[in-house]
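Chain by chain, the residues run as shown.
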Amino acid sequence: MNRTKGVTGPQGFRAAGIAAGIKESGALDLTLVVNDGPSDSAAGVFTTNKVKAAPVLWSQQVVQSHRLTAVVLNSGGANACTGPEGFQDTHATAEKVAEVLGTGAVDVAVCSTGLIGERLPMDKVLAGVETAAKELDSSVEAGLRAATGVMTTDSRPKQSWKASEQGWSVGGFVKGAGMLAPNLATMLSVITTDAKISGEQLDKALRLATSRTFDRLDVDGGTSTNDTVLVLASGASGVEPSFDDFTALLTEVAGDLVKQLQGDAEGVTKEISITVKQAASEAEAVLVGRTVAEDNLVKTALFGSDPNWGRIAMALGRADAEIDPDVLQIIINGVSLYRNGTRDRDRSEADLSGRDVEIVIDLNVGDAEATVLTTDLSHDYVEENSAYSS
């Protein structure tokens, strides 16, 4: 996996990241990604939150055709809960991109991230689109600037790229550090590929990939208003891979992006994986994993490097899943601490001094398995989020 390349890694794509002045800090805050073809297949998945931001509502509409020429993204403002005026701002942004690229607004997706409830400074956004269009480039540096332009509380840009043995590749970037939960996150991601694939197949592959990657990260239980993952296919490699081969590589790149989200989550000091084994169904395995991942008592114990398996038992026991405490086992960093209704080895044997924590919950009631990723709940997380809007 190559993390020095992103959306410009695959052939047929140009990108730009510029400082439009949306952020008072003067940091990069507007990104443009353009598909030069020859194909313009596209697909997207979006937040399940009922309170959806204007750009989500717009992009959901335009991607229904499974075609996109460009994606424009801004940080510094979510354009969520801004009423009809906010939707008009999104439409105007897409119209501006279409004007400078010579395409139609229905071929342009729009994404925003930042503080909820404020209108965007549209004079700066529209002027920024013109500037970004002039700086479009297919270089590695342009891809990195694009990944940087979407950052909010992220400490670093996050991108990934991998080539297949057949000569086609998948690349992408993602942003997100807080309000991360299943059903995506306060998280924007653009993924590109130069494989030849139809829009319908791309949509199917994306849903399979995100169900096992983006939907398995749960930092704080907060499902955002702006979650968006878009994938664009240029077909520029001339190679048409099998559906399974394409889905596998897409899932691999998406999984790498998700690991980077986990490692840069707000206030993170522990990167935690929760694997639920021998569940009655995969859905129940995910549900148990999520329940433990979102439990504040579990998260604070792990922040303190305390292998308190009792809190894990408490949390999983309230999940709406088939659970029998008499056959249950809880393992932390390779040490079995609870088995068959009572404690097993002494908790002091489980070493949590490092950054990585692996929790295995063996339900022993079926044959399904799933892994959910999460982080601890630290002082820095509380401090950062208490001051987010100030």
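Residues numbered from 1 in each chain as written. Predicted model: local features only at pLDDT ≥ 70, side-chain atom pairs only at ≥ 80, totals over all residues. Heavy atoms only, no water.

Identification of the chain as Arginine biosynthesis bifunctional protein ArgJ from Lentzea fradiae is taken from an unreviewed UniProt entry. Heading Sequence similarities (unreviewed entry) of the UniProt record for the chain holds this comment: "Belongs to the ArgJ family." (UniProt positions renumbered as here; feature names shortened; annotations may be inferred.)

*Asks:* When you look at the nonpolar core in this model, what are you seeing that I'm missing?
*Replies:* Note on soluble globular proteins: their nonpolar side chains tend to be buried together. Counting residues in hydrophobic clusters, the biggest one holds 47 residues, and the most contacted among them are Leu 30, Leu 68, Val 71 and Phe 173. Contact partners of Leu 68, with chain neighbours within four places excluded, come to Asn 35, Asp 40, Ala 42, Val 62, Val 63, Asp 107, Val 108, Ala 109, Leu 230 and Leu 232. (Core = buried A, V, L, I, M, F, W, Y, C linked by side-chain atoms within 4.5 Å. Buried < 20%, exposed > 50% of the residue type's maximum accessible area, 1.4 Å probe, protein only. Contact = heavy atoms within 4.5 Å.)

*Asks:* Even after reading the chapter, I still don't get the side chain of Thr 47, so can you show me in this structure?
*Replies:* Here Thr 47 lies in the loop between strand 3 (41–46) and helix 1 (54–62). Within the structure, Thr 47 has its side chain in polar contact with the backbone nitrogen of Asn 49 (distance 3.0 Å). (Helix = DSSP H or I, 4+ residues; strand = E, 2+ residues; numbered from the N terminus. Polar contact = N/O pair within 3.5 Å; in protein donor to acceptor, adjacent residues only side chain to side chain.)

*Asks:* When you look at the state of the cysteines in this model, what are you seeing that I'm missing?
*Replies:* Throughout this description, disulfide means a covalent bond between two cysteine sulfur atoms. Considering all chains together, one arrives at zero disulfides under this definition. Considering cysteine sulfurs only, Cys 111 is the nearest to Cys 81, which forms no disulfide, with 17 Å between them. The exposure class assigned to Cys 111 is buried, which follows from its relative accessible area of 2%. (Disulfide = S-S within 2.5 Å.)

*Asks:* Hey, could you run me through the sheet that holds strand 2 (residues 30–35) in this one?
*Replies:* With respect to topology, four strands assemble into an open sheet ordered 1-2-4-5, the strand pairing being mixed. In this open sheet, the two edge strands, each paired with only one partner strand, are strand 1 (13–18) and strand 5 (108–113). Neighbour-to-neighbour, the strand axes of this sheet turn through a mean angle of 10°, independent of strand direction. Two strands pair when backbone bridges link them, and strand 4 (residues 70–75) and strand 5 are joined in this way by six bridges, in the parallel orientation. Counted as the bridge partner of Asn 74 is Ser 112 from strand 5. Its contacts with the sheet place helix 4 (residues 140–148) against strand 1 and strand 2, and it is angled at close to 50° to strand 1. (Pairing = 2+ DSSP bridges. Axes fitted to C-alpha atoms, helices over the stretch in contact; angles between N-to-C directions.)

*Asks:* What am I meant to see in the confidence of the model for the chain here?
*Replies:* Low-confidence regions, as indicated by low pLDDT, have predicted coordinates that should not be scrutinised in detail. Put simply, the chain has an average pLDDT of 92, and 95% of its residues get 70 or more. Scored below 50 in pLDDT, residues 179–185 makes 43 contacts in the model with residues more than four places away or belonging to other chains. (pLDDT = per-residue confidence, 0-100.)

*Asks:* Can you help me understand the sheet that holds strand 7 (residues 169–175) in this one?
*Replies:* Taken in spatial order, the five strands line up as 3-9-8-7-6 in an open sheet, and their pairing is mixed. Two strands bound the open sheet, and with one partner strand each, they are strand 3 and strand 6 (158–163). Strand-to-strand twist in this sheet, taken as the mean axis angle between neighbours without regard to direction, amounts to 10°. With six bridges connecting them, strand 7 and strand 8 (residues 188–193) associate as antiparallel partners.

*Asks:* Teacher, can you tell me more about the environment of Gly 17 here?
*Replies:* By the secondary structure assignment, Gly 17 is in strand 1. Given a relative accessible area of 1%, Gly 17 falls into the buried group. On a C-alpha basis, the gap between Gly 17 and Gly 143 in space is 7.9 Å, while along the polypeptide they are 126 residues apart. Gly 17 has contacts with Leu 28, Leu 30, Thr 31, Glu 135, Arg 145 and Ala 146, leaving out every residue within four places of it along the chain.

*Asks:* Got a minute to help me understand the pairing of strand 8 in this structure?
*Replies:* Side-chain positions along a regular strand alternate between the two faces of the sheet. Of all six residues in strand 8, six are buried, a share of seventy percent or more. Covered by surrounding structure in strand 8 are Leu 188, Val 190 and Thr 192 together with Ser 189, Ile 191 and Thr 193, the residues of both alternating faces.

*Asks:* I tried to follow the packing of aromatic side chains on my own but got confused; where do I start?
*Replies:* Centre distance and the angle of the planes are the two values used to describe a pair of aromatic rings. In the structure shown here, the tally under the stated rule is three aromatic pairs. One cation-aromatic arrangement involves Lys 5 over Trp 161; the distance from NZ or CZ to the ring centre is 4.2 Å. Taking NZ or CZ as reference, Lys 204 lies 5.0 Å from the ring centre of Phe 243, over its face. (Phe/Tyr/Trp six-rings, centres within 6.5 Å; stacked < 30°, edge-to-face > 60°. Lys NZ or Arg CZ within 6 Å of the ring centre and 35° of its normal.)

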